[in-house]
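What follows is each chain in one-letter form.
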Amino acid sequence: MEHLVEVQDLKKSFLTKGGIFGKSSDVKAVDGVDLYLNKGETLGVVGESGCGKTTLGRLVLRLIKPTSGKINFDEVDITNLSERKLLWLRKRTGMVFQDPSASLNPRMNIRSTLKRPLVVHGIKDKNTIQKRIIEMLEKVGLNEDQLERFPHQISGGQQQRVAIARAIMLNPDLVVLDEPTSSLDVSVQAQILNLLLKLQRDLNLTYLFITHDLVVERHVSDRIVVMYCGKILESADTDELLGNTMHPYTVSLFSSTPIPNPHLKSTNRFIVGGEPPSLIHPPRGCRFHPRCPYAEGKCKKVEPKLVEAAKDHFLACHKFEEIDLLTYVKRFWKLMERLN
Amino acid sequence: MPLLDVKGLKTYFYTNRGVVKAVDGASFTVNENEIFCLVGETGCGKSVTALSIMRLIFPPGKILSGKALYKEEDLLKIPESEMQKIRGREISMVFQNPMNSLNPVFTIGYQISEAPTVHFNLSKKEAWKRTTDLIRDVKITDADTRAKCYPHVLSGGMRQRTMMAMMLSCNPNLLIADEPTTSLDVTIQAQILDLLIEIKKKRRMSVILITHNFGLVAEFGDRVAVMYCGKVVEIGDVTTIFRNPLHPYTRGLLRCLPIGYKRKSKLGFIPGTLPSPIDTPSGCSFHPRCEHSTKSCKLREPELVEYEKNHFVACHLYER
Ligand SMILES: Nc1ncnc2c1ncn2[C@@H]1O[C@H](COP(=O)(O)OP(=O)(O)OP(=O)(O)O)[C@@H](O)[C@H]1O
Ligand SMILES: Nc1ncnc2c1ncn2[C@@H]1O[C@H](COP(=O)(O)OP(=O)(O)OP(=O)(O)O)[C@@H](O)[C@H]1O
Ligand code: SF4
Ligand code: SF4
Ligand SMILES: [Mg+2]
Ligand SMILES: [Mg+2]
């Protein structure tokens, strides 16, 4: 399969001022990530707050510059391109954010919001613009009377539809979806997920789908990567990852996720204590070791590398061959079972 | 006999835009020693229901009618002085965002000890002992040092634990937890809820868990009430509601969940959008979105009836 995006040893740190002594320190938001995206697939990125998901998404679109590493988009090295040389990439990519009310300009009506990407990319003909806007509105399930409205005059679900329309206005290849349904209610979430899945099929889009919700990720993703503290700890095809979860962190993350089916209620969950560590001074060795019940000497000293533990199933853990967590994993197998 | 019996609760807000019928005739009961979930989408009236039971509704809001019987006393009728004794000692509430309820200028130890010191007339030494015990109960390590910390140095999970310690400080019989973990990560959420369950068992208290997350309902709830437009439309045991939902809205919601579907297939959905709380539909408020809607649904409001044992539903389809 052809790779649309390839990322190698990607790092991004942010310099933050402050702290007790006013010293500035490095926040290592993304700290050595390797990944690829196949054309037309959805790659899910799961992980807890602050693990670097949004930063990774913004790096892939080159909305920010990496500290080091390499990013290829359709076989072009975009790692260090200047903003002027990135215009073509802007056209071929889009992004949708978690909170639509914050990502839409409150002073711009829907028409201007949708017109803007076209104008920025030099489309001036009024008829072309109008036609394209109407076409997109239809695609995302809005109607023409909503064009003159402002974001606060439409519901959260409709705002997210506008944000999606804006992201696909220029017919992109790749869309980064950053928690696109996290702020929405279940009934609205279902409508938006259906829309995203349909658009992907119709327009042959590639998605990087960021979320902390495993149940959503299971439904939309072809492959999943699990991030922790700026690193990828495990990645595989969705069915493999849920059917044969190996990394202790992934198992604890999945075990902690409440599953909306009382028959899958489990008293036998793998819950770890503690909280995610600081990104300024991440733990030495395996970043998960302070919370991992299996941690031993080596884990505290040597950082485990991402290795292929089964076919196309990568993980970073020294002890995966000894640890057997399958009893905790079995309930995820049933995620497909009908409720009623 | 239930611990709490809410009947026909109506709480409106008189705003410039119009009358917001936040809670519009909600009824349910909470039994002793159970986790009762109140679930529904944004704006359906979950928080206002809880605040009404606590009598924490202020103008332009007003509790218009209804009863909230707690140990045979109507909380909506008793004098404010008595209500103050109920708050904290009998019924406590944990809010969604702990930072808004913790005071930044006092140590957490002080804040945890404040209420019991007043309620039980404790000496300084007794209060400190009680406080550090509580901090240990909510599994914060190093209680003596932690008690001297200010809220801003704590992580989100620690703050929510502190809140729980505060809420438990007077030994309530009923804990109302309004989205207690929404702002937390799932691994921390699991820790906090496991802790809640453990404490609930140990102290034999009841919990009203307010959430929009059906995962939490399935994982932690005993019984559940589904709210729509300020009303309770269905109540039952958690397993019954998931296995055999009756109300068209409940059925719709459960079909929206991306579970039990082939990957990337189309999910069920509920047509239309939530109505404005100022302009709620006549009759059954779900009728504009309901596939079974008939003429009488538009005219007459369905009553909450016991369709089968312990399974209540408000829908004309089930009236006999
Ligand atoms: N512009 C910035 N300046 C300084 N620090 C930043 C910046 N952007 C992100 N960070 C820090 O980098 C880390 C990773 O942030 P990021 O937003 O990528 O996490 P995330 O996984 O998307 O989290 P969430 O689930 O909360 O959205 C965090 O500690 C964050 O505070
Ligand atoms: N102080 C207030 N003034 C005016 N309207 C209010 C006030 N508090 C709540 N409301 C309205 O009452 C309705 C019910 O609100 P409530 O907060 O109970 O919803 P909820 O079910 O808790 O929603 P969420 O899931 O978003 O927390 C909403 O329409 C809300 O806008
Ligand atoms: S490397 Fe060690 S500490 Fe890290 S996850 Fe594996 S066993 Fe746990
Ligand atoms: S009362 Fe009528 S409109 Fe309301 S849920 Fe039942 S069938 Fe649907
Ligand atoms: Mg983010
Ligand atoms: Mg609320």
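As shown above, the structure is provided for reference.
Residues numbered from 1 in each chain as written. Chains lettered and ligands numbered in written order. Predicted model: local features only at pLDDT ≥ 70, side-chain atom pairs only at ≥ 80, totals over all residues. Heavy atoms only, no water.

Draft legend 1. Quick look at the overall build of chain B. Within chain B one finds 12 helices and 12 strands. For a compact globule of 320 residues, the expected C-alpha radius of gyration is about 20 Å, and chain B comes in at 21 Å, within 12% of that figure. On the principal axes, the C-alpha backbone points of chain B span a range of 70 × 50 × 40 Å. Classification of the 320 residues of chain B by burial places 55% in the buried group. Once local pairs closer than 6 in sequence are excluded, the contacts in chain B between residues at least 24 apart make up 63%. Treating the 43 positive side-chain charges of chain B as one cloud and the 33 negative ones as another, the clouds have centres 3 Å apart. (Helix = DSSP H or I, 4+ residues; strand = E, 2+ residues; numbered from the N terminus. Rg over C-alpha atoms; globule rule 2.2 N^0.38 Å. Buried < 20%, exposed > 50% of the residue type's maximum accessible area, 1.4 Å probe, protein only. Contact = heavy atoms within 4.5 Å. Lys, Arg positive; Asp, Glu negative; His and termini not counted. Charge placed at Lys NZ, Arg CZ, Asp CG, Glu CD.)

Draft legend 2. Summary view of the interface of chain B and chain A. Facing 47 residues of chain B, the contacting portion of chain A comprises 50 residues. Both sides together, the interface formed by chain B and chain A hides about 4,100 Å², and carbon and sulfur atoms give 53% of it. By the criterion of area lost to chain A, the three top residues of chain B are Glu219, Arg263 and Lys264 of chain B, representing 20% of everything that side buries. At the boundary of chain B with chain A, the tally comes to 4 salt bridges. For Arg269 of chain A, the salt bridge is made with Asp194 of chain B, and the minimal N-O distance between the two is 2.5 Å. Elements with a minimum of two residues in the side of chain B that touches chain A: α7 (156-168), α8 (186-203), α9 (214-220), α10 (238-243) and α11 (248-256) of chain B. The element best represented in the side of chain B that touches chain A is α8 of chain B, accounting for 7 residues. Tallied by class, the residues present in the side of chain B that touches chain A amount to 22 nonpolar, 15 polar and 10 charged. (Buried area = accessible area lost by both parts, 1.4 Å probe. Salt bridge = Lys/Arg side-chain N within 4 Å of Asp/Glu carboxyl O. Nonpolar A, V, L, I, M, F, W, Y, C, P; charged D, E, K, R; others polar.)

Draft legend 3. Layout of the sheet that holds strand β10 (residues 231-237) of chain A. All names here are of chain A. Taken together, 8 strands build an open sheet; the order of strands is β6-β7-β8-β3-β9-β10-β12-β11 and the sheet is mixed. The outermost strands of the open sheet, each flanked by one partner alone, are β6 (93-96) and β11 (307-310). Neighbour to neighbour, the strand axes of the sheet diverge by 20° on average, direction disregarded. As paired strands, β6 and strand β7 (residues 174-178) are joined by 4 bridges and run parallel to one another. By the bridge assignment for β7, Thr93 is matched with Leu174. Together, β3 (42-46), β6, β7, β8 (206-211) and β9 (223-228) form the strand contacts of helix α1 (residues 53-60), whose direction differs from that of β8 by roughly 160°. Helix-sheet contacts for helix α7 (residues 186-203) involve β3, β7 and β8, and the interaxial angle to β8 is about 155°. (Pairing = 2+ DSSP bridges. Axes fitted to C-alpha atoms, helices over the stretch in contact; angles between N-to-C directions.)

Draft legend 4. Focus on the site of ligand 4. Close contacts around ligand 4 come from 13 residues, with Cys284, Cys290, Cys297, Cys315 and His316 of chain B the closest. Grouping the amino acids of the shell around ligand 4 by side-chain chemistry returns 8 nonpolar, 5 polar and no charged. (Near = heavy atom within 4 Å.)

Draft legend 5. View of the site of ligand 1. Residue and element names in this part refer to chain A. Close to ligand 1 lie 14 residues, the nearest being Ser49, Gly50, Lys53, Thr54 and Thr55. Ser49 is positioned with one of its side-chain polar atoms (N or O) 2.8 Å from an oxygen atom of ligand 1. The side chain of Thr55 places a nitrogen or oxygen atom 2.5 Å from an oxygen atom of ligand 1. When the free accessible area of ligand 1 is taken as 630 Å², the share hidden by the protein chains comes to 63%. Elements represented by at least two residues in the shell around ligand 1 include exactly β1 (3-16), β2 (25-38) and α1. By residue number, the principal contributor to the shell around ligand 1 is α1, which donates 3 residues. (Polar contact = N/O pair within 3.5 Å; in protein donor to acceptor, adjacent residues only side chain to side chain. Areas by Shrake-Rupley, 256 points an atom, 1.4 Å probe, with all protein chains shown as cover.)

Draft legend 6. Seen up close, the packing of aromatic side chains. Residues and elements named next belong to chain A. Tallied over the full model, the rule gives 13 aromatic pairs over all chains. For the ring pair Tyr228 and Tyr249, a centre distance of 4.4 Å and an interplane angle of 45° mean the geometry is tilted. You can see Tyr228 sitting in strand β9 and its partner Tyr249 sitting in helix α10 (residues 248-256), a full 21 residues away along the chain. Per residue, the accessibility class of Tyr228 equals that of Tyr249, and both read buried. Considering the side-chain rings of Phe270 and Tyr294, the 6.3 Å spacing of their centres and the 25° angle between planes classify their relative orientation as stacked. Taken together, the positions of Phe270 in the loop between α10 and α11 (297-301) and Tyr294 in the loop between α10 and α11 put the pair 24 residues apart, joining distant regions of the chain. We classify Phe270 as buried; its relative accessible area is 7%. Among the aromatic residues, ring-to-ring pairing joins Tyr228, Tyr249 and Phe288 into one connected group. In this structure, Arg223 is placed above the aromatic ring of Tyr36, and the distance from its NZ or CZ to the ring centre is 4.0 Å. (Phe/Tyr/Trp six-rings, centres within 6.5 Å; stacked < 30°, edge-to-face > 60°. Lys NZ or Arg CZ within 6 Å of the ring centre and 35° of its normal.)

Draft legend 7. Here's a closer look at unusual backbone geometry. Across the junction of Pro59 of chain B and Pro60 of chain B, the peptide omega takes the value 10°, indicating a cis bond. Following the sequence through the fold, Pro60 of chain B ends up in the loop between α1 (46-53) and β4 (61-70). Positive phi, close to 50°, is recorded for Glu179 of chain A, a residue that is not glycine. Within the secondary structure, Glu179 of chain A is located in the loop between β7 and α7. Judged by its relative accessible area of 7%, Glu179 of chain A is buried.

Remember, this is a structural readout, not a statement about activity or role.
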